[in-house]
Each structure stands twice: as structure tokens, then as C-alpha cells.
Amino acid sequence: MSQFNRAGLSLPPLPVPSRWLIMVICLLQGLLLYYFFSDSQAVTRSAFSHNIYGQTMAFTLPVLISLSLVRLNDRRFWGAMALMTLLLAGLATWVKSNVTGTPADSVMVPFNLSLVTMVFFVLPWLQVQTFPAQNRYRYAHLAACYSQNMLCAMLTFLLMLLTVGVLALCAALFRVIGIEYFHALFFDTPLFMHLVFGLLLGISIITCRTQPALMNTTRNIIRFILKGLLPLVAFVALIFLFALPFTGLTALSKTWSAASLLTIMALSLLVLVNVVRETDSGVKPYPQAVRWLVNAAILLLPVYAALALYSTGLRVSQYGWTPQRLWAVVIIAVTLTASLCYSSSVFDKRPDWLSRLNQFNKPLSLLVVLLVIAVNSPLLDPYRISVNSQIARLDSGKTQAKDFDLKLLRFETGRRGNEALAKLLQHPAFTADPRLLATVKNTLAMTSRWGSYNDKEADALAKNYRVEEAKKMITLAKGAVQPDDGWWKGLPALEQYRNTLRDCLSVQGVCIVNTLDLNSDRQKEILLCNTLDAPSVNCRVYAKQAGQWAQSGELYLYQEKDKETLIQALRNGEVKPAPRKWADIQIEGKRRVVHYQQDEN
């Protein structure tokens, strides 16, 4: 017998042929994940890498099959898997349409997390298909499957962690005697480790499905630990709500993490209550006083979810929708719905403790699946909603063009955001300001949030670089000495068109160059400041080393109250060296850098 629910009824035993098939499927998953997620050149050239359909199927189907398959000739099971495949293909089609022509991580990471969530909540409904029809969807069966799947995930993670530790020890031991083969095999050969993880996954799943005594013992130990934790969490939840009236809601509106902390607290209570409560058991946990404490915390659960919703709503009203805020609202909405249901179960007059949870959890799990599908489809598209919200705020004047988050459109809202960003090139708020228009063009050319650009485009721009043009575009600060031609000619190699130089040649006067003796060697160093970026001014220091110019330092000026005054001071040459108040020390002729705690201002 492989699985047990809390009522004592077991799922059918797992036949030997099915076990071998599960092991093969898990090994195949490791191989497929390597091919579909790998960045190696050989795989990329074969068009396997980053194939969204392949990623989606390889990430989900092997797990669904391995954890729910019993009989190889079960038509009902294979019919359900066919429906899941169609659903996954539809979701993959949607996400592919959002990724086209844009950096993929901002779309793929939430999508993969949503796949994990959907698999977790769908899997028990597939697993109970092996039960007799008359009690197939009984809550006790679903609850047993949820608990076993969690235990299986924990066992798999532990097994993989220990295996990596053993492999690392093996590689280190052989490295001591000069043998690098095992280190290269274990940690420089991704295909090998993918197959190892696939093997470990198969071993873990078969162990979980064929060792009911081990699973029941482990579950009881974990439940015993969490049973002691629930009253403590409930006490913390209550004293926080007791203290809140004395501080007011203003504190929540000033804290960026308030909504996430409140939601985590509510979800923690929901999970702990489910773990502690024995399905089909009439025994009430805890003494009566402790049970009252837990009941009071459950009764006030909706307050946490409502406060989290209020805090997120403030951010939406202040800054508009983003994909992260929409995901947050979906999670909080589910949390609020579950909290209201659990809170109402406290008033149940039946003798069992929170007996109505059986009625609530099944529709709540289906609600989560439906919302995951909706958010990963045109029904509740977070990227469309976010882009429309941000553009509407710009058009209405709620957000000024200089404060508009261009990188949100470029890197966090997929294809729709990039299309909207391209349209800003004709938007009156940007065409009226050359600096803002240049910022839009540069943002479109970026390949990462941190200022990287396409290498081919950078090479093309470097070939067209002219010293005379650069001198016209970059402002020389008042009183500064013109940098020598060697620095001007070497500027493309120094900057590589990744950020500063590209900005400098986009708009005249956006960059300011100054010459200062910063190390008291009677030689002028060069300070080049880029003022195009809205939130900061970026300055770089160049010094001659062995007759060649090289970058020696950087300075980022963030959150300046009056940026225009700062820029004017740079243009006027109001910059001078400020020697450090505290000196470094020298020991045996070698300089030792001292990191002082005192303020050096």
C-alpha cells in the first residue's frame, strides 16, 4: 500500500511496472529540463533551449504523472492528463505571446511560480481518481494527498541537498590530490547533475508512495511540532492587532513590506490550522484556554487580510498597477476569502473543532486554480492591466513624464510594455523634452535593467564615434582644462557604449567633464558626470596608469533634493578635492586600508 488518508483507507498499491515507469519519467524530466532550460551553445543552436512549450511540459507533466499514476492502463487517468496537457499548452501559448521580443525573465519567473502553484492544487484531484466513485472526492482523501505531496517535496529537497553535499566532499577530496575530474563532472557538467536530480526525484517519489509507515510517522512528527507552534503564532497575531489601534494605520502606509508581512501572517495561521486539525477526528486539540486563544486569532484573521488589501490599495492609488501589485491583490483576495470562511467556522455549534473547514477547503483549492489560470490568460492579464494603468496616469497628469518608470515597461510588463514604450517616442510629454526622449530611446535599447546594451549595436556606435562630435556634445565645466586627445580617443574603449557614453552622445550638455587633481600627484584626473538618468547623477573618475587612461572610481548621487542645482554646480565647476580626514596606515612598507566608523564629513 502506498498512500493513506486520515480515515485509514489506502490508495491502491503501486505496481512494479509503474514504479519503473516513474523512474524513467523522472530521469527523462532531468534530461528535458537540461535541454529546455540550458544556456549551453550546443543546446541553444539546436533550438531546444528556452522553448516555452517544452519548458512548460517538462516542468509539470512528469511530476503530475509520477505522483498520480497507479495503473498503466487507466483510461480515466490518461484522459485527465490529456486535458491537463491542453490546458498547459494554452497557458504556454499565452506566455509566449507576452515574451516575444522582450527580456523573458520578468514574464517566465511569475509563470513558472504559477505553474508550481497550479500543480500543487491540481495534483490531489488527479490522485483521488483511483478511489471508488462513491467517495472519490471525499475531503479526507484530498487532505491525505496534499500532506503526502508536501512530505514528498520535503524529502526530495533534503535528498538533493545531502547528495550535493556528498558530491562536493568527493570533489574536494580528489582536488586535494590533484584530480580535477570529479569536480568537472559534478559541477561543470550540467547534464550530469540534471540526470542525478532526476534520479533522486524518482527515488523520492517511489519511496513516498511505497512506504506508508514512514510517511505517517514523519507526518505525525511534523504535526506535533506545528501543533506547538500554532498557539504561539496565534498569540503574536492577537497582540499585534491589540497594539495596532495605538499606532494607527499611518504606519502601515509608510512601510513598503506591510502588505506582504500581514499576508504571510494570515497564511501562516491558515496553514497551521489545517495541519493541526485532524480530519474525521472528534478530539479537540489543546486545553480549552489555549483553544480559545487560537479561535480568537482565527476569528480575527480577516482583519489581517483586510489590512493587507488596504495597504496594497494605497500603493495602487499612489503609483498605479504593476504586475507585482496585481499578483499581490490576487493572493490577498484568496487569503481574505479563506479567512472569512475560517472565521465563520469558529461559530459552528457542532462538537468537532472547526468541522466546517472540510466544506470550505475544496472550493477554495479550486478557486486558487481558476485564479492562476485567469492571471495567466487574457481574462486577468497583469501586463495589459499594468501598462494601461501606467499610461493612463501619464495621460491624466498623475505621473509626470520625468517620474515615469520606463524600465517597468521595458523589463516587467512583457511585449505589451515594450509596445507602449515604443509609442512614447511620439508622446507629447516626451517629444517636448530632448532629454526625456533620449531616455526612452536608450531604455528601448537596453538588454538589462542595469544599463547593458546589445553588443552588436554598441560596436556599430563605436565605429561611428568622432572626437569632434563628442567634444560638442559633452560640456566642459567652467575653469576646467580640456582633457587631452588621448582620453577623448580612448573613450569608446573605456565606456564600451554600455551606458554613460551612449547617454552623453544622445543629448547635448547632458554630460559634464571636469579635470581635478584628486590624488595630489600634480596630474589632472578626469571627472565625467552623466546627468541624464532621472533618479541619480553618475560620475566616473579616469586617471593615467602606465601612460594609459583607465577608470579609477565611480560616484553615484542618489535622491538629491534639488537635482538641477546639483547639475548647475557641476557645470560651473564647483567641484574640488576633499581629502579624507582619517588616514590609512602603512605596515612594513605596505598600505593597509582602515575602514573607520566615524563620519568623515
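Anything mentioned here points back to the structure above.
Along each chain, the written sequence defines residue order, and numbers are assigned to residues from 1. This being a predicted model, a pLDDT of at least 70 is required before a residue's local features are given, and a value of 80 or more before pairs of side-chain atoms are given or counted; all residues contribute to the totals for chains, interfaces and linings. As a rule here, side-chain values come from all non-hydrogen atoms in the structure, and water together with hydrogens is ignored.

S.K.: Help me understand the overall build of the protein chain, please; the structure alone is not making it clear to me.
M.R.: Runs of H or I in DSSP of at least four residues are treated as helices and runs of E of at least two as strands, each being numbered from the N terminus. Within the protein chain one finds 25 helices and seven strands. In short, Shrake-Rupley with a 1.4 Å probe defines the accessible areas, and a residue's cover is counted only from the protein chains shown. Accessible area of the protein chain: about 31,500 Å², with a carbon and sulfur share of 63%.

S.K.: Sorry, what's going on with the sheet that holds strand 2 (residues 511-516) here?
M.R.: In sheet architecture, strand pairing relies on hydrogen bonds along the backbone and comes in two forms, parallel and antiparallel. Sheet architecture is open: five strands sit in the order 1-2-3-4-5, paired in mixed fashion. What marks the edges here is a single partner per strand, and that holds for strand 1 (475-476) and strand 5 (548-558). Here six bridges tie strand 2 to strand 3 (residues 525-530), and the two strands are oriented antiparallel to one another. Of the residues in strand 3, the one forming a bridge with Cys511 is Asn530. Whether two residues are in contact is decided by their heavy atoms, any of which lying within 4.5 Å being enough. Axis definition: a line fitted to C-alpha atoms, limited for helices to the stretch in contact. Angles are taken between N-to-C directions and run from 0 to 180 degrees. Across the face of the sheet, helix 23 (residues 485-495) comes into contact with strand 2, strand 3, strand 4 (536-545) and strand 5 while running at roughly 65° to strand 5. Packed onto the sheet, helix 25 (residues 563-571) meets strand 2, strand 3, strand 4 and strand 5 and runs at close to 25° relative to strand 4. Two strands make a pair as long as DSSP finds a minimum of two bridges between them.

S.K.: What's the story with the packing of aromatic side chains in this structure? I'm lost.
M.R.: The description of two aromatic rings rests on the distance between their centres and on the angle between their planes. Classification of ring pairs rests on two measures: the distance between centres of Phe, Tyr or Trp rings, Trp counted by its six-membered ring, which must be within 6.5 Å, and the angle between planes, read as stacked under 30 degrees, edge-to-face over 60 and tilted in between. Evaluated as defined, the whole model comprises 19 aromatic pairs. Put simply, the rings of Phe174, Tyr181, Phe182, Phe186, Phe187 and Phe192 touch in pairs and so form one group of aromatic residues. The criterion is that NZ of a Lys, or CZ of an Arg, lies within 6 Å of the ring centre and within 35 degrees of the ring normal, and then a charge sits over that ring. A cation over a ring is seen here: Lys227 above Tyr286, with NZ or CZ 5.8 Å from the ring centre. In this structure, Arg410 packs its charged tip against the face of Phe411, placed 5.3 Å from the ring centre.

S.K.: Mind showing me how you'd approach the side chain of Ser66 here?
M.R.: Residue position: Ser66 is located in helix 3 (residues 52-68). Note on classification: 1.4 Å probe, protein chains only; a residue is buried when its accessible area is under 20% of the maximum for its type, exposed when over 50%, partly exposed between these limits. Residue classification places Ser66 among the buried residues on the basis of a relative accessible area of 0%. Polar contacts involving the side chain of Ser66 include one to the main-chain carbonyl oxygen of Pro62, which spans 2.7 Å. Ser66 has contacts with Ile22, Ile25, Cys26, Ile205 and Arg209, leaving out every residue within four places of it along the chain. Any N or O atom pair separated by 3.5 Å or less is treated as a polar contact, with the protein-specific requirement of one donor-capable and one acceptor-capable atom, and with residues adjacent in sequence counted only for side-chain atom pairs.

S.K.: Is there a simple way to explain the state of the cysteines in this structure?
M.R.: Cysteine pairs can be linked by a disulfide, which is a covalent bond between their two sulfur atoms. For the purposes of this analysis, a disulfide is any pair of cysteine sulfur atoms at a distance within 2.5 Å. The tally for this structure, following the rule as stated, stands at two disulfides. A sulfur-sulfur distance of 1.9 Å marks the disulfide that ties Cys504 to Cys511. Residues Cys504 and Cys511 share a disulfide whose torsion about the S-S bond is about -85°; that sign makes it left-handed. Each member of the pair, Cys504 together with Cys511, is buried. Numbered in order of appearance, the disulfide-bonded cysteines of the protein chain are paired 1-2, 3-4. Cysteine Cys208 shares no disulfide, and the gap to the nearest cysteine sulfur, in Cys152, comes to 3.4 Å.

S.K.: Where do I start with a nonpolar patch on the surface in this structure?
M.R.: Together, Leu229, Leu232, Phe235, Val236 and Ile239 make up a nonpolar patch on the protein surface, roughly 410 Å² of accessible area in all. On the secondary structure map, Phe235 appears in helix 9 (residues 212-247). Exposure above 30% relative accessible area and no salt bridge define the residues that can form patches, which grow by joining like charges within 9 Å and nonpolar side chains of Val, Leu, Ile, Met, Phe, Trp and Tyr within 5 Å. Every case where a carboxyl oxygen of Asp or Glu lies within 4 Å of a side-chain nitrogen of Lys or Arg is listed as a salt bridge.

S.K.: Any chance you could explain the pattern of salt bridges here in plain terms?
M.R.: Opposite charge on two side chains lets them pair, provided their charged atoms get close. Taken as a whole and assessed by the stated rule, the structure comprises nine salt bridges. Among the ionic pairs, Arg175 bridges to Glu180, the shortest N-O distance being 2.8 Å. The class for Glu180 is partly exposed, based on a relative accessible area of 41%.

S.K.: Would you mind going over unusual backbone geometry with me for this structure?
M.R.: Excluding glycine, most residues fall at negative phi; most peptide bonds, likewise, are trans. One non-glycine residue, Tyr286, lies in positive phi territory at about 70°. Structurally, Tyr286 can be placed in the loop between helix 11 (258-276) and helix 12 (288-299). Positioned with a positive phi, Ala546 is a non-glycine residue whose angle comes to about 55°. Mapped onto the elements, Ala546 comes out in the loop between strand 4 and strand 5. Looking at Ala546, the relative accessible area reads 84%, which means it is exposed.

S.K.: Can you help me understand the pairing of strand 3 in this one?
M.R.: Residues in a regular strand project their side chains so that they alternate between the two faces of the sheet. Buried residues dominate strand 3, accounting for six of its six residues. Taking every second residue as pointing to the same face, both faces of strand 3 are buried, with Glu525, Leu527 and Cys529 on one and Ile526, Leu528 and Asn530 on the other. Note that strand 3 and strand 4 share five bridges and pair antiparallel. Note that in strand 4 the partner of Leu528 across the bridge is Arg540.

S.K.: Got a minute to help me understand the nonpolar core in this structure?
M.R.: For soluble globular proteins, nonpolar side chains are generally found buried alongside one another. Nine residue types can take part in a nonpolar core, namely buried Ala, Val, Leu, Ile, Met, Phe, Trp, Tyr and Cys, and a core is a set of them joined through side-chain atoms within 4.5 Å. In terms of nonpolar packing, the biggest core is built from 44 residues, with Leu64, Met81, Val95, Met118, Leu126 and Ile205 touching the most fellow members. Counting only elements with at least two residues in this core, the list comes to helix 1 (16-37), helix 3, helix 4 (75-99), helix 5 (105-127), helix 6 (139-176), helix 8 (190-210) and helix 15 (357-375). Ranked by the residues each element gives to this core, the list is headed by helix 4, at ten residues. Not counting residues within four places of it along the chain, the set of residues in contact with Ile205 comprises Ile22, Cys26, Ser66, Leu67 and Cys152.

S.K.: I'm lost on the packing of helix 5 against helix 6 in this one. Help?
M.R.: The geometry of a pair of packed helices is captured by two quantities: the angle between their axes and the separation between those axes. Their axes nearest at 9 Å, the elements helix 5 and helix 6 cross at an angle of 125°. For the element pair helix 5 / helix 6, the angle class is oblique. Of the two elements, helix 5 crosses helix 6, and the hand of that crossing is right-handed. Contact residues: Phe120, Phe121, Leu123, Pro124, Trp125 and Gln127 in helix 5; Leu142, Cys145, Tyr146, Asn149 and Met150 in helix 6. In this classification, Asp, Glu, Lys and Arg are treated as charged, Ala, Val, Leu, Ile, Met, Phe, Trp, Tyr, Cys and Pro as nonpolar, and every other residue, Gly included, as polar. Broken down by class, the residue content of the contact of helix 5 with helix 6 amounts to nine nonpolar, two polar and no charged. Note on angle classes: values under 35 degrees are labelled roughly parallel, values over 145 roughly antiparallel, values of 65 to 115 roughly perpendicular, and the remainder oblique. Crossing chirality is assigned from the near helix's rotation relative to the far helix, an anticlockwise turn below a right angle marking it left-handed and a clockwise turn marking it right-handed.

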